[in-house]
Amino acid sequence: MKALLSGNEAVARGAWEGGVHVGCAYPGTPSTEIMEALSQYPEVYTEWSVNEKVSLEVASGASFAGARAMVAMKHVGLNVAADPLFSLSYIGATGGLVIVTCDDPGMHSSQNEQDNRHYARSAKVPLLEPSDSQEAKEFTRLAFEISEEFDTPVMVRLTTRISHSKSIVELGERKEVPVKEYVKDVKKRVILPAHARERHGFVEERMERLRKYAEEFPYNRIEEGDPELGIIADSVAYMYAKEVFPEASFLKLSMVWPFPRELVRRFASKVKKIIVVEENDPFIEEQVRLLGIEVTGKDKIPLVGELNPTRVAVCLGVKKEEELPKPELPHIPKRPPALCPGCPHTGVFNVIRKLKLIATGDIGCYTLGTLPPLNAMDTCVEMGASIGNAFGMQLVMKDDKLRKKVVAVIGDSTFFHSGITGLINLYYNRGITTVIILDNRTTAMTGHQDHPGTGKTAKGEKGREVDLVKLIKGIGIEHVYVVNPYDLKELTEVIKREIEREEPSVIIPRAPCVLLRRGEKFTPMRVIEDKCTGCRVCLKVGCPAISMRGDKARIDPFLCTGCTLCQQTCPFGAIEFVEEK
Amino acid sequence: MTKSIVICGVGGQGILVASDILSLAAMYSGFDAKKSEVHGMSQRGGDVISTVRYGEKVYSPLIGEGMADIILGFEKLEVLRNLSLLKPDGKVIVTDFRLDPLPVACGLDEYPDDVIGWIKKNVSDVHVVDAVKVAVELGNIRVTNVVMLGALSGHIPEIKKEAWEQAIRERVPQKYVDLNLTAFERGCNIS
Ligand SMILES: Cc1ncc(C[n+]2csc(CCOP(=O)(O)OP(=O)(O)O)c2C)c(N)n1
């Protein structure tokens, strides 16, 4: 049977067909739908773990106990999970252990363009790279077999264009694989230095065996064409190159690490000139150069940003820049994403802006509080950074007034992911930071996944709910306040009071993400035209439902949720609820 | 020959559902089909684009500058934004609908005048269809996307009628199937 699947859905399907027992993930674009799809299969245990490190630890535990297990994460997630990854390379796998990483060339929704092929190399594990959904399914299934045969975790790397492109897949059936019996093996699984020294020898020898496997791997294939030009390409770059050079000879690399050097030598001997087409870093290119083979690569192909067929054609001189369409256009305003009408984060950023606070930020929908008209965030580094950043800034700020303007702003899911450790550090080291945890009862940014604070599992079942207030009080922090994020007066008072305190405090503005309330019937607000002076103060709220029509403000009744933030802001009392009919 | 179609508009307009239906319909018509889309940040009211390609054998799911045969626009400014993707002899099908980006709504930027005029200045084959009006007549502005697919269907006869119907049935929730089939039908007769 054929189906049109995204790369992510295909990975889940491949894992299921390959008999996976356990799937763990922390959400992150572009990887999120892998675990969402896998949790639809009743044979498989799936969970949203609190972060990527824990997800890999749970999955490797399942592997120790003989089960097939998979984790999926976005590229930066592997930074969080890097510590277990490097150890697990030495420990190997009992049940098949597969790590799926989704890189994001072009940074459609990420903070960097890191290339996770480097992880395979430095952690010394094999890496498979599908170039469409059919391969995504096949390679994931195969990855479990490679993992068990070679006693190694196996990485599968997708990119945004593989994860979020759909193409036709031939579906297969599930092959049930029994969970192996647990056998204690401390020399393998307790990486004391004495054990690890031995295991390192094993790893080097394993990688050599895997290289030979890569040389014969049928998906690393030579496609004979014009001997004048040979192209080496992986992932979706292979597809772009096929569009641009239909006649050329190709070496399509699907198992990129360990690097199949003999195969590359063989290919090089058949063609006159070689171009390596790859996104991100010159990973393949450098390996080819190490063999003493001259290639064209990143000298022509951009290091920055995502490729597409046109970009490949232009940078390699197949098409001239001048031949591209250059439409004559007026100024086109940008359309940046924005906090939704009725978003519970909006009010908090209004108060932060009004009080002129310095807000160290974090990652989530609320990072949009950085943009105009809110302009209410000063920093954003990686998940969990806000709390440590705020503490560090305060450490060195001599001016007491300035120091007390610093607050940390973090989402609920992000707090569970990696904010807790920062908060404990702050408490222990005598910090005084005010931390604002925006508790919208979900992981909104990535499409509303549950987390420990919601107490629901990835399968939609009842789990156990972690009580944020109790958790924080348990650390020893005494000042913890849950507030209504739609009440600007209350928010302002509490924040003003807490930043003055010579002790740490946590403020929790709590209300569900407005997108979780879709079924509700909202009573919208309207502008009383006679009272509106056209002062535009309401536009500064940062609500997409408000705009100017002529010299009066107008509220879109279809977008408005009646959250009243604009009403509380209007200096002229010109906003009221539409009367219910 | 591979056909390349860009669907563009604003987050929340049903662009991803529309491109799903189009690529499924292409698959049911016997073609190889691929589509690309982007999730995440872009869905919070930002601009959204999805590309669909079908033919005998399709390699790239993505469409670069000068590759698109057709741009199907759910919001007119977004057509302008993506116009460089169109082939010199390409075609635009657009609904005359304006949604202000937040910077415009806040008075920090301006929405250009006569957007349709600007499109026509650059493209000779432009079809302006009032899909939003039809959707509102049908009682649900959210079916604008399927009305637009109906309007597109006359321009790509290689995708068969039954394939469209099968794709719509598969991709929209059960209780909205009839509404969407009607919306598609109305779209077919629009141009
Ligand atoms: C290490 C890492 N993992 C995952 C992500 C993807 N990601 C970005 S923000 C976010 C969660 C945001 O949830 P929350 O903190 O509750 O804020 P909300 O979006 O609900 O406002 C996730 C999963 C990431 N950027 N980095």
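1. Thoughts on helix 12 (residues 261-270) of chain A
- Turning to helix 12 of chain A, its buried residues are Leu263(A), Val264(A), Phe267(A) and Ala268(A). Projected onto a plane normal to the axis of helix 12 of chain A, the buried residues spread over an arc of 135° and lie on a single side.

2. Quick notes on the environment of Gly455(A)
All names here are of chain A.
- Within the secondary structure, Gly455 is located in the loop between strand 16 (434-438) and helix 19 (468-475).
- For the pair Gly455 and Val506, spaced 51 residues apart in the sequence, the C-alpha separation amounts to 21 Å.
- Residues contacting Gly455, with those up to four places away along its chain left out, are Glu461, Lys462, Gly463, Arg464 and Glu465.

3. Some points on the interface of chain B and chain A
- On the side of chain A, 54 residues touch chain B, which itself brings 54 residues to the contact.
- A buried area of about 4600 Å², summed over both sides, lies between chain B and chain A, and 64% of it is on carbon and sulfur atoms.
- Summed over the shared surface of chain B and chain A, the number is five salt bridges.
- Note that Lys121(B) and Glu328(A) form a salt bridge whose closest N and O atoms lie 3.5 Å from each other.
- Our count for the contact surface shared by chain B and chain A stands at 16 residue pairs in polar contact (both at pLDDT 80 or more).
- At the level of secondary structure, the elements contributing two or more residues to the side of chain B that touches chain A comprise helix 1 (15-28), strand 2 (32-36), strand 3 (47-55), helix 2 (76-81), helix 3 (102-105) and helix 4 (115-122) of chain B.
- It is strand 2 of chain B that contributes the most residues to the side of chain B that touches chain A, five residues altogether.

4. Observations regarding a nonpolar patch on the surface
All names here are of chain A.
- Side chains of Val186, Val190 and Leu192 sit close together on the surface and give an oily, nonpolar patch of about 230 Å² of accessible area.
- Within the secondary structure, Val186 sits in helix 9 (residues 186-189).
- Val186 sits in the partly exposed class, given a relative accessible area of 39%.

5. Comments concerning the site of the ligand
Residues and elements named next belong to chain A.
- Neighbouring the ligand are 26 residues; Glu52, His345, Asp412, Thr414 and Ala444 lie closest to it.
- Within the backbone of Cys365, one N or O atom sits 2.9 Å away from an oxygen atom of the ligand.
- Contacts to the ligand include Asp412, whose side-chain N or O atom sits 2.6 Å from an oxygen atom.
- Burial of the ligand by the surrounding chains reaches 97%, relative to a free accessible area of 590 Å².

6. Overview of the domain arrangement of chain A
Residue and element names in this part refer to chain A.
- When the domains of chain A are assigned, the result is domain 1 (2-216), domain 2 (221-320), domain 3 (346-517) and domain 4 (525-577).
- Measuring from the centre of the C-alpha atoms in domain 3 to the corresponding centre in domain 4 gives 28 Å.
- Regarding the contact of domain 3 and domain 4, the summed buried area is about 740 Å², with carbon and sulfur atoms giving 62% of it.
- Per-residue buried area on domain 3 facing domain 4 is highest for Pro373, Tyr486 and Leu488; these three make up 52% of the total on that side.
- For the interface between domain 3 and domain 4, the tally reads zero salt bridges.
- Between domain 3 and domain 4 we count four residue pairs in polar contact (both at pLDDT 80 or more) in total.

7. Concerning helix 13 (residues 283-290) of chain A
- The complete set of buried residues in helix 13 of chain A reads Phe283(A), Ile284(A), Glu285(A), Gln287(A) and Val288(A).
- In this structure, the buried residues of helix 13 of chain A make contact with helix 6 (117-123), strand 10 (226-234), strand 11 (248-253), strand 12 (255-257), helix 12 and strand 13 (273-277) of chain A.

8. Structural notes on empty space enclosed by the protein
All names here are of chain A.
- Tallied over the full model, the rule gives six cavities of 30 Å³ or more.
- Reported here for the largest cavity is a volume of approximately 140 Å³.
- Its residues placed into classes, the lining of the largest cavity shows 14 nonpolar, six polar and no charged.
- Looking at the second largest cavity, its volume works out to about 110 Å³.
- Surrounding the second largest cavity, 15 residues form its lining, Cys532, Cys535, Cys538, Ala553 and Cys570 being those nearest its centre.

Rules and cut-offs
- Residues numbered from 1 in each chain as written.
- Chains lettered and ligands numbered in written order.
- Predicted model: local features only at pLDDT ≥ 70, side-chain atom pairs only at ≥ 80, totals over all residues.
- Heavy atoms only, no water.
- Buried < 20%, exposed > 50% of the residue type's maximum accessible area, 1.4 Å probe, protein only.
- Helix = DSSP H or I, 4+ residues; strand = E, 2+ residues; numbered from the N terminus.
- Arc of directions from axis to C-beta.
- Contact = heavy atoms within 4.5 Å.
- Buried area = accessible area lost by both parts, 1.4 Å probe.
- Salt bridge = Lys/Arg side-chain N within 4 Å of Asp/Glu carboxyl O.
- Polar contact = N/O pair within 3.5 Å; in protein donor to acceptor, adjacent residues only side chain to side chain.
- Patch = residues over 30% accessible without salt bridge, like charges linked within 9 Å, V, L, I, M, F, W, Y side chains within 5 Å.
- Areas by Shrake-Rupley, 256 points an atom, 1.4 Å probe, with all protein chains shown as cover.
- Near = heavy atom within 4 Å.
- Domains from an automatic or database assignment.
- 1 Å grid on protein atoms, 1.4 Å probe; cavity = no way out; pocket = protein on both sides within 12 Å on 5 of 7 lines; lining within 4 Å.
- Points joined across faces, edges and corners; volume = space filled by probe spheres on them.
- Nonpolar A, V, L, I, M, F, W, Y, C, P; charged D, E, K, R; others polar.

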